[in-house]
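# Coordinate analysis (summary)
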Amino acid sequence: MDENKVAERRNYRLTRRRFLAVSSAAAAVAACGPAATPSPTGAATSTAAATASAGPALKIGQLLPFSKVYAELGASMRRASELYLKQKGGSLAGRPVTWVWEDEANDPVVGAQKTAKFIDQDRVDVMMGIVATPIAYAVRNAIDAAKLVFIETNAGGNALTRTTTDCKPSCKSKYIFRTSFSSYQISYPIGEYFATKKGVKEVFTFVSDYGFGNESAADFTAGLTKGGGKITGSLKAPLGSSDFLPYVTTLKGQPTKDIYSFFSGTDAINYIKAWTQLGMPALGYKMNGAGFLTEQDVLKEVKEQANGAVTSLFWAVTLDNAENKAFVDAYQKEFNLLPDVFAVQAWDGMQALDRALQATKGNTTDKDAFIAALESVKFKSPRGDFEFDKETHNPIQDMYIREVKVQGGQAVNTIVDKVARVTDPGK
Amino acid sequence: MTPETAVVQALNGISFGALLFILAAGLSLIFGMMDVVNLAHGAFYMLGAYITLTVVQRTGQFWLALMLAPLLIGALGLLMEPLLLRRLRGRHLDQVLLTIGVSLVIADLIGLTFGREIRSIPFPAGLDHAITIMGGDYPVYRLFVIAFGVALAVLLSVVHRRTRVGALIRAGVEDAPMLSALGVDIDRLFAVTFAVGAALAGLAGVIAAPVFGIYPGMDVDYLIYSLVVVVVGGLGTLSGAIAGAALVGPVDTFGKVLFPEFALALIFAIMALVLLMRPTGLLGRVRIAR
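Since the model is a prediction, treat every value here as computed from it, not as a measurement. (Residues numbered from 1 in each chain as written. Chains lettered and ligands numbered in written order. Predicted model: local features only at pLDDT ≥ 70, side-chain atom pairs only at ≥ 80, totals over all residues.)

Secondary structure assignment for chain B yields ten helices and two strands. Order of helices (α) and strands (β) in chain B, N terminus to C terminus: α-α-α-α-β-β-α-α-α-α-α-α. A globule of 290 residues ought to have a C-alpha radius of gyration of about 19 Å, and chain B, at 19 Å, matches this closely. Taken over 290 residues, chain B has a buried fraction of 49%. (Helix = DSSP H or I, 4+ residues; strand = E, 2+ residues; numbered from the N terminus. Rg over C-alpha atoms; globule rule 2.2 N^0.38 Å. Buried ≥ 20, exposed ≤ 12 C-beta atoms within 10 Å, placed from the backbone.)

Structure follows, in structure tokens:
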């Protein structure tokens, strides 16, 4: 934060540059479309504070939610990023890291302003972060135009790593990598798995009514139908619906027992509580969904009420591999709490960046070489084998089918099956 | 929708309406008396929920929280009115801006103290089970919310119509300067009104905590609901808050079920319609410009 203040003060005198920064931010806000930023874009060489022995400082701009409903996700990603850097002694490939943190406030307009600041004012070498898909979509063009390498560490909207007609609502960019997941990856495989392996042929969908929830329902439906199953009906709840009793009453009034849901955070908690209150488990109804429905933040509040829920995700805190054990231990030791999937996504973002920098010997100025290096990173992540799909820059990863079980008085996601090497079908 | 489901949905709607009434009553009271739209109302509500969280975590006593939270938040209101709002009396826009500022400070202090995770608390003992209604389980706590809301409405109506304080409030709403000229200590009356309004928001926070979760941003979500309720019902009157809540709760619930695509817009559509047909709200007073 202090560096930010100093940078601001320094730039205060440079009125022309400030003018450019402010005006391009305004342009980005006004258009949110093809942002032809008027300012120079060479983000690398001119950073301040080069030290004598080590390489020049590496400026990483992280755009995360530090306020509003996703604040804890932002905090989690920040913790994981800082922990990774701490383990590497504060520098990556010999370049001491300077952080610039900005709050996206879960608002595409704010996200666009802060991205413009990273590009024009801070001139960061690499940008990371962004939780909400609409923000990622809103800044995609500005990042692409500025030729800024951006590692997306959460937002899972399919279009961010796909070729789409007229780039609507977004499309892949040479400069954008993603270390989290695409909506397809957490929704389609579990649909196909249900119809083929689990023998569940009829499912009712109930999802959060916004871009990502709808994508998840569509991808799940495609997977289930492919496997020979069918959807008997659907229901949607707006994001942030506090009262879930009316919805669960509706679910209870229809005969299909298996429900597929996409909810996260507060919505997931309120949904699961309403589910128990109306006695759904005793009537034979089964809760299923994308993994966020029963992630750590939800599970620690609803506990055994989520018992039996089947979800899919590319990670679980209980996942049995050496990297995950080391990661969970280190995180727990440093912060005295269990990591969540968001921490893993940020951790892998740092890991991918680190390895690419090793390959280019710390050079980020030659964009093509830097991108080629990122495209070929392969490593063992806490989630298992990690690599990017060179075509789309989305990860190729195993999806785990998990079931919430109560073990020793604690509700945990246990792994019951795995769909190996899931690749997003985008081109 | 089967008749059984319809009955259960009606209960859902009434219990949501009851909660909205508890929340909106305080906002309406403050506006009626002081002409201030208190935008810190959502923050008081949030504070009530976080006090509940603390008390339940420390002692496991939900009922203690139900006593303590309104008292503490009422005390905060009692301090805030003379220290802050009174200095800006008569400057409505400045007062509204001030309440926004206070709400931001409260929300951020809560964030600093409690962290920014989503929290939830169990239902209080005795109300954590379900009973059979129309052949299915129904949570007792929701019935308690309905009973609590109705009891509070009756209590407030009696105070409003039959007691000296109620007479003072009605007179203050009608013409505060005249009341002051008649020798009533209007400063004290304003401070008490603000404190009671704040306490009601805190009370709503306690009642809502086990059902709707406790999270950063809850202040804004419910401030909007309470504004819709008082605008629909009529600003500044108790009966308006009752009418608004009785309409918005069930409409919101049935809207979610029958027109899911339109759910969020529905209550705002109703609000727009009411404003067009009756600009003062369903039971609002006609205000004479002073």
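Back to the write-up after that little detour.
A few words on the nonpolar core. Counting residues in each nonpolar core, the largest one holds 208 residues, and the members touching the most others are B:L19, B:L20, B:F21, B:I22, B:A24, B:A204 and B:V229. Ranked by residues supplied to this core, first place goes to helix α7 (residues 186-212) of chain B with 18 residues. In terms of domain composition, this core takes at least three residues from each of domain 1 (1-181 + 317-393) and domain 2 (184-313 + 398-422) of chain A. Filtering out sequence-adjacent residues up to four positions away, B:A204 remains in contact with B:L19, B:I22, B:L23, B:Y45 and B:G48. (Core = buried A, V, L, I, M, F, W, Y, C linked by C-beta atoms within 7 Å. Domains from an automatic or database assignment. Contact = placed C-beta atoms within 7 Å.)

Residue and element names in this part refer to chain A. Here strand β4 (residues 126-129) shows no split at all, with V126 and M128 on one side and M127 and G129 on the other all buried. Direction of pairing for strand β1 (residues 58-64) relative to β4: parallel, over a ladder of four bridges. Bridge pairing in β4 places L63 opposite G129. Here four bridges tie β4 to strand β5 (residues 149-152), and the two strands are oriented parallel to one another. Within β5, the residue paired with G129 across the bridge is E152. Taken together, β4, helix α5 (residues 133-146) and β5 form a β-α-β motif whose crossover is right-handed. (Pairing = 2+ DSSP bridges. Right-handed = clockwise from strand over helix to strand, strands pointing away.)

Next up on the list: helix α1 (residues 3-34) of chain B. Residue and element names in this part refer to chain B. Helix length check: α1 (32 residues) gives 45 Å between terminal C-alpha atoms against 46 Å at 1.5 Å per residue, within 8%. In α1, a bend of some 30° at A24 exceeds every other bend along the element. In terms of residue burial, α1 counts as a mostly covered element, since 25 of its 32 residues are buried. (Expected span 1.5 Å × (residues − 1). Bend = angle between axes of the 7 residues up to and from the residue.)

As a packed pair, helix α8 (residues 245-252) of chain A and helix α9 (residues 238-258) of chain B sit with axes 9 Å apart at the nearest point and diverge in direction by 40°. It follows from the interaxial angle that α8(A) and α9(B) lie oblique. Crossing angle aside, the handedness with which α8(A) passes α9(B) is right-handed. For the pair α8(A) and α9(B), the contacting residues are A:P246, A:Y247 and A:T250 in the first and B:T253, B:K256 and B:V257 in the second. Partitioning the contact of α8(A) with α9(B) into residue classes produces three nonpolar, two polar and one charged. (Axes fitted to C-alpha atoms, helices over the stretch in contact; angles between N-to-C directions. Parallel < 35°, antiparallel > 145°, perpendicular 65-115°, else oblique. Left-handed = near helix turned anticlockwise from the far one by under 90°. Nonpolar A, V, L, I, M, F, W, Y, C, P; charged D, E, K, R; others polar.)

On the secondary structure map, B:R278 appears in the segment after α10 (263-277). It is 35 Å that separates the C-alpha atoms of B:R278 and B:E4, two residues lying 274 residues apart in sequence.

Moving on, we come to the environment of A:L313. Residue and element names in this part refer to chain A. One can find L313 in strand β11 (residues 310-313). We classify L313 as buried; it has 26 C-beta atoms within 10 Å. Sequence separation of L313 and H393 is 80 residues, and the distance between their C-alpha atoms is 19 Å. Not counting chain neighbours up to four residues away, the residues in contact with L313 comprise I186, G291, V341, Y400 and R402.

Read from one edge to the other, the open sheet built from six strands follows the order β2-β3-β1-β4-β5-β6 (chain A), with strand pairing classed as mixed. The open sheet terminates on both sides in strands that have one partner only, identified here as β2 (91-92) and β6 (176-178) of chain A.

Residues and elements named next belong to chain A. By the assigned domains, chain A splits into domain 1 (1-181 + 317-393) and domain 2 (184-313 + 398-422). On the side of domain 2, 17 residues touch domain 1, which itself brings 15 residues to the contact. Grouping the amino acids of the side of domain 1 that touches domain 2 by side-chain chemistry returns seven nonpolar, six polar and two charged.

What follows concerns the packing of helix α2 (residues 41-59) of chain B against α7(B). Residue and element names in this part refer to chain B. Two elements in contact, α2 and α7, have axes whose closest approach is 7 Å; the angle formed by their N-to-C orientations is 50°. The orientation of α2 relative to α7 falls into the category oblique. Between α2 and α7 lies a crossing whose hand is right-handed. Every residue of α7 that contacts α2 at H41, F44, Y45, M46, L47, G48, A49, T52 and L53 is listed here: A198, A201, G202, L203, A204, G205, V206, A208 and A209. Of the residues in the contact of α2 with α7, the class split is 13 nonpolar, five polar and no charged.

Right, let's get into the interface of chain B and chain A. The partner chain A presents 28 residues to the 29 residues of chain B that form the contact. The set of elements that each furnish at least two residues to the side of chain B that touches chain A consists of α1, β2 (136-139), α9 and α10 of chain B. Ranked by the residues each element gives to the side of chain B that touches chain A, the list is headed by α1(B), at five residues. Residue composition of the side of chain B that touches chain A, grouped by class: 13 nonpolar, nine polar and seven charged.

Turning our eyes to something else, we now look at unusual backbone geometry. Residues and elements named next belong to chain A. In the segment running from K168 into P169, the intervening peptide bond is cis, with an omega of -5°. Following the sequence through the fold, P169 ends up in the loop between β5 and β6. Notably, A105 is not glycine yet its phi reads approximately 55°, a positive angle. Along the chain, A105 falls in the loop between β3 (95-103) and α4 (108-122). Residue H393 is not a glycine yet carries a positive backbone phi of 70°. Relative to the helices and strands, H393 is located in the loop between β13 (384-388) and β14 (395-407).

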